[in-house]
Amino acid sequence: MFCGSSAGTRGIYRQAAQTVGRQLCERGIELVYGGGRVGLMGILADACLDAGGRVIGVIPQALADREVAHTGLTELRIVGSMHERKALMADLSDAFVSLPGGFGTWEEFFEVLTWAQLGIQRKACGLLNVNGYYDPLLEMADRALSEGFLREGHRELLLADADPERLLARLSNYAAPTIDKWISRPAR
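Calculation rules
- Residues numbered from 1 in each chain as written.
- Predicted model: local features only at pLDDT ≥ 70, side-chain atom pairs only at ≥ 80, totals over all residues.
- Heavy atoms only, no water.
- Axes fitted to C-alpha atoms, helices over the stretch in contact; angles between N-to-C directions.
- Helix = DSSP H or I, 4+ residues; strand = E, 2+ residues; numbered from the N terminus.
- Parallel < 35°, antiparallel > 145°, perpendicular 65-115°, else oblique.
- Left-handed = near helix turned anticlockwise from the far one by under 90°.
- Contact = heavy atoms within 4.5 Å.
- Nonpolar A, V, L, I, M, F, W, Y, C, P; charged D, E, K, R; others polar.
- Buried < 20%, exposed > 50% of the residue type's maximum accessible area, 1.4 Å probe, protein only.
- Polar contact = N/O pair within 3.5 Å; in protein donor to acceptor, adjacent residues only side chain to side chain.
- Salt bridge = Lys/Arg side-chain N within 4 Å of Asp/Glu carboxyl O.
- Pairing = 2+ DSSP bridges.

A. Structural context of the packing of helix H1 (residues 11-26) against helix H8 (residues 164-172). Running from amino to carboxyl end, H1 crosses H8 at an angle of 45°, the nearest separation of the two axes being 10 Å. Regarding the angle of H1 to H8, the classification is oblique. H8 is crossed by H1, and the crossing has right-handed handedness. Residues Thr 19, Val 20, Gln 23 and Leu 24 of H1 pack against Pro 164, Glu 165 and Leu 168 of H8. Residues that form the contact of H1 with H8 fall into these classes: four nonpolar, two polar and one charged.

B. Quick look at the environment of Met 89. Tracing the chain through its elements places Met 89 in helix H4 (residues 82-92). Using a relative accessible area of 2% as the deciding quantity, one classes Met 89 as buried. Placed 57 residues apart in sequence, Met 89 and Val 32 show a C-alpha to C-alpha distance of 6.6 Å. Residues within four places of Met 89 in sequence aside, it is in contact with Met 1, Phe 2, Val 32, Tyr 33, Gly 34, Val 58 and Phe 96.

C. Spatial organisation of the side chain of Asp 161. Take Asp 161: it is sitting in strand S6 (residues 158-161). At a separation of 2.9 Å, a polar atom in the side chain of Asp 161 contacts the main-chain amide nitrogen of Asp 163. At 2.7 Å, the side chain of Asp 161 and the side chain of Arg 166 are in polar contact. Other than its neighbours up to four places away in sequence, Asp 161 contacts Leu 127, Leu 128, Asn 129, Arg 166, Leu 167 and Arg 170.

D. Main features of the pattern of salt bridges. As enumerated under the stated definition, the model contains nine salt bridges in all. One salt bridge connects Lys 86 with Glu 107, and the closest N-O pair in it is separated by 2.6 Å. Of the two residues, Lys 86 is situated in helix H4 and Glu 107 in helix H5 (residues 103-118); the sequence distance between them amounts to 21 residues. The exposure class of Lys 86 is buried, given its relative accessible area of 12%.

E. Here's a closer look at unusual backbone geometry. Despite not being glycine, Glu 67 shows a phi value in the positive range, around 65°. In the Ramachandran plot, Asn 131 falls in the positive-phi region, its phi being about 55° despite a non-glycine side chain. Turning to its location among the elements, Asn 131 is positioned in the loop between strand S5 (124-128) and helix H6 (135-146). The partly exposed category is assigned to Asn 131, whose relative accessible area is 45%.

F. A look at the sheet that holds S6. Strands sit in the order S4-S5-S6 across an open sheet of three strands; the sheet is parallel. What marks the edges here is a single partner per strand, and that holds for strand S4 (95-98) and S6. Between one strand and the next, the sheet's axes are offset by a mean angle of 25°, whatever the strand orientation. Looking at chain direction, S4 and S5 are connected through four bridges and run parallel. In the strand pairing of S5, Ser 98 is matched with Leu 127. Contacting S4, S5 and S6, H5 runs over the sheet at an angle of about 150° to S5.

Written as structure tokens, this is what we have:
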């Protein structure tokens with residue numbers, strides 16, 4: 001799960017994080033996230049824990065040193081770098097979801113989405129499109145498809161839904177598509 005270290009300006013973002021946290025617990029899904037106690041990250045983790053769920057946080061030592069690590073988790077793994085964090089989170093996760101967030105959220109999500117495009121991983125990648133937050137991004141993905149920068153099969157790797165329950169159901173039922181090649185060869 002990727003999400004902001006800020007809670008955003010609208011209460012609907014906090015409510016969505018709480019809903020996802022509770023629904024993960026209800027579905028028996030263990031939450032793997034960035035290990036922070038601040039922003040949507042902390043809200044998400046607390047909601048899952050409060051509902052009786054298991055939460056694994058993965059945080060770099062530098063962020064733990066700044067006292068932003070959530071110390072009440074089921075398990076907190078402190079790693080040496082952001083690269084180690086992303087690799088461990090990818091290994092521990094069965095799917096990837098991005099709630100609203102900023103550069104860090106986007107970067108982490110796009111890395112696993114790119115890995116799906118390249119065939120490095122075959123796990124579902126979904127956006128929880130709270131209050132239309134990701135509409136401009138989804139429009140950009142559609143434009144990349146229409147302009148020939150994405151193939152249809154690759155565009156389909158990017159799942160999105162405004163409803164947390166529907167998104168989690170789609171992720172649970174996800175089957176990675178078989179896509180031959182991601183790079184087209186020039187005609188000779």
